[in-house]
Amino acid sequence: MDESKNFINKKNIIIVGVVAFIVLVIIILMLTFNSTNKNKKNNNVFEEEDNIFRINPVKNPQLAYYNFRGEEYPDWSKFGRVRSNGLRVHQGVDIFAEPGTDVYAVADGKVVDLYVDKTGYGLNFYLEVNPADLEKIKRKHYKPKESAREQLYGPNYNPALPIKYIRYAHLSEVKVKIGDEVKAGQVIAKTGTTGNASGTHAPHLHFEIAFEMRGKGLINRVDPEMYFKIKNGNNLTKDEKKIQTEKSKTQWFEPKGYDIGFRTKSIFFNKEKEEKNLKGLKEEHKFEKNKRNAQKISRRK
Ligand SMILES: [Zn+2]
């Protein structure tokens, strides 16, 4: 009797032990399955974001792999504190493009400013779009990978501000004027190397996204890579890199007379200040004239 009781007790202990072991194994399996599943989910989110239908500013957009001087410097093309060891900022991204490449409206919009900035943006313009259209294509999980100095937002960014301005710069030709309404996918310009891009070894479209049209440095601007999937250094195919290398051997200058017929200042450029200056000049003239007249009169006397 005693022995059989003992036997039953031992059996119970073994059963409890085995059950406990199985439960433990199941828990461990569930935990690992859950975490791999989570990773998968995250990856899916990235893929979904990247597969959203977008109209890119140029076809097959790639960041310029070379800098102005033709040196390998892929970070040079990114948004943020990416130049001169973080001392100089870049207000947009530089998308590699041989001069004369078609430039597209990335969304429906209206041209709100267009001018030539001879020492900076060259022939450039702003498209105002519906912020909701940009929000739709936003890569919400985008993180800068290639450059630690790449930034996502200018320092004054505030999520309450609608992002609605797209800027295209260093163009050689525009097919729009201020006030024009354009449709997504419409060819609106041709790339170039005008303004301070003249003489570059890395022909590109300078492309900005902003929530206000003006602002120094990174103020009012955001990283265009948060909205557009632009191939970076490591992701370029051999052929793509070869083409960029080939084009970097040429120094690309702006065509003469590209600026003829365009205004040389933004329509928002200190209108009042200019008017005041003009008024001041007129008054000065008047004053001088009066003075001369007074002198004449006194001489006559
Ligand atoms: Zn640029």
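Criteria and thresholds
Residues numbered from 1 in each chain as written. Predicted model: local features only at pLDDT ≥ 70, side-chain atom pairs only at ≥ 80, totals over all residues. Heavy atoms only, no water. Helix = DSSP H or I, 4+ residues; strand = E, 2+ residues; numbered from the N terminus. Contact = heavy atoms within 4.5 Å. Areas by Shrake-Rupley, 256 points an atom, 1.4 Å probe, with all protein chains shown as cover. Donors = N, O, S within 2.8 Å, 3.2 Å for Na, K, Ca; no water. Buried < 20%, exposed > 50% of the residue type's maximum accessible area, 1.4 Å probe, protein only. Core = buried A, V, L, I, M, F, W, Y, C linked by side-chain atoms within 4.5 Å. Polar contact = N/O pair within 3.5 Å; in protein donor to acceptor, adjacent residues only side chain to side chain. Salt bridge = Lys/Arg side-chain N within 4 Å of Asp/Glu carboxyl O. Patch = residues over 30% accessible without salt bridge, like charges linked within 9 Å, V, L, I, M, F, W, Y side chains within 5 Å.

Observations regarding the overall build of the chain
Now for step 1: When its secondary structure is counted, the chain shows 4 helices and 11 strands.
Now for step 2: Across the chain, contacts joining residues at least 24 apart in sequence account for 76% of those joining residues at least 6 apart.
Now for step 3: With an accessible surface of roughly 18700 Å², the chain has 55% of that area assigned to carbon and sulfur atoms.

Observations concerning the coordination of the zinc ion
Perfect tetrahedral coordination of a metal by four donors corresponds to 109.5 degrees between them, and perfect octahedral coordination by six donors corresponds to 90 or 180 degrees.
Now for step 1: Distances from the zinc ion to its protein donors, His90 (NE2), Asp94 (OD) and His206 (ND1), fall within 2.0 to 2.1 Å.
Now for step 2: Counting residues between consecutive donors of the zinc ion along the chain gives the motif H-x3-D-x111-H. One end of the pair, Asp94, is in strand E3 (residues 93-96); the other, His206, is in strand E10 (residues 204-210), and 112 residues separate them in sequence. For the residue pair Asp94 and His206, the accessibility class agrees, reading buried in each case.

Here we look at the nonpolar core
Now for step 1: Formed by 39 residues in total, the largest nonpolar core has its most connected members in Phe125, Ile166, Tyr168, Leu171, Phe207, Ile209 and Tyr227.
Now for step 2: Mapped onto this core, the elements with two or more residues apiece are E3, strand E5 (109-117), strand E6 (122-129), helix H2 (131-137), strand E7 (165-174), strand E9 (187-191) and E10.
Now for step 3: Grouped together as the second largest cluster of nonpolar side chains are 6 residues, Tyr65, Tyr66, Phe96 and Ala202 included.

Quick look at the environment of His201
Now for step 1: Along the chain, His201 turns up in the loop between E9 and E10.
Now for step 2: On the basis of relative accessibility, which here comes to 18%, the residue His201 falls in the buried class.
Now for step 3: Sequence spacing of His201 and Gly70 is 131 residues, and the spatial spacing of their C-alpha atoms is 4.8 Å.
Now for step 4: Here His201 is in contact with Asn67, Phe68, Arg69, Gly70, Lys247, Ser248, Lys249, Thr250, Gln251 and Trp252, once residues within four sequence places are set aside.
Now for step 5: Within the structure, His201 has its side chain in polar contact with the backbone oxygen of Thr250 (distance 3.2 Å).

Structural notes on the side chain of Asn220
Now for step 1: Within the secondary structure, Asn220 is located in the loop between E10 and strand E11 (221-222).
Now for step 2: A relative accessible area of 10% places Asn220 in the buried class.
Now for step 3: Apart from residues lying up to four places away in sequence, Asn220 is in contact with Asn156, Ile209, Ala210, Phe211, Glu212, Arg214 and Gly215.

Description of the pattern of salt bridges
Once their charged atoms are close, side chains differing in charge can pair, the charge on each being opposite to the other.
Now for step 1: According to the stated counting rule, one finds 18 salt bridges in the structure shown.
Now for step 2: Between Glu98 and Lys247 there is a salt bridge, with the nearest N and O atoms lying 3.4 Å from each other. Pair noted here: Glu98 is in the loop between E3 and strand E4 (102-104) and Lys247 is in helix H3 (residues 238-247), with a separation of 149 residues, a long-range link.
Now for step 3: Residue classification places Lys247 among the partly exposed positions, given a relative accessible area of 22%.
Now for step 4: In this structure, Lys190 and Asp102 form a salt bridge, with 2.8 Å as the shortest nitrogen-oxygen distance. Of the two residues, Lys190 is situated in strand E9 and Asp102 in strand E4; the sequence distance between them amounts to 88 residues.

Observations concerning a nonpolar patch on the surface
Now for step 1: Judged by side-chain polarity, Ile14, Val18, Phe21, Ile22, Val25, Ile26, Leu29 and Met30 come together as a nonpolar surface patch covering roughly 780 Å² of accessible area.
Now for step 2: Its location among the elements puts Ile26 in helix H1 (residues 2-51).
Now for step 3: A relative accessible area of 44% means that Ile26 is categorised as partly exposed.

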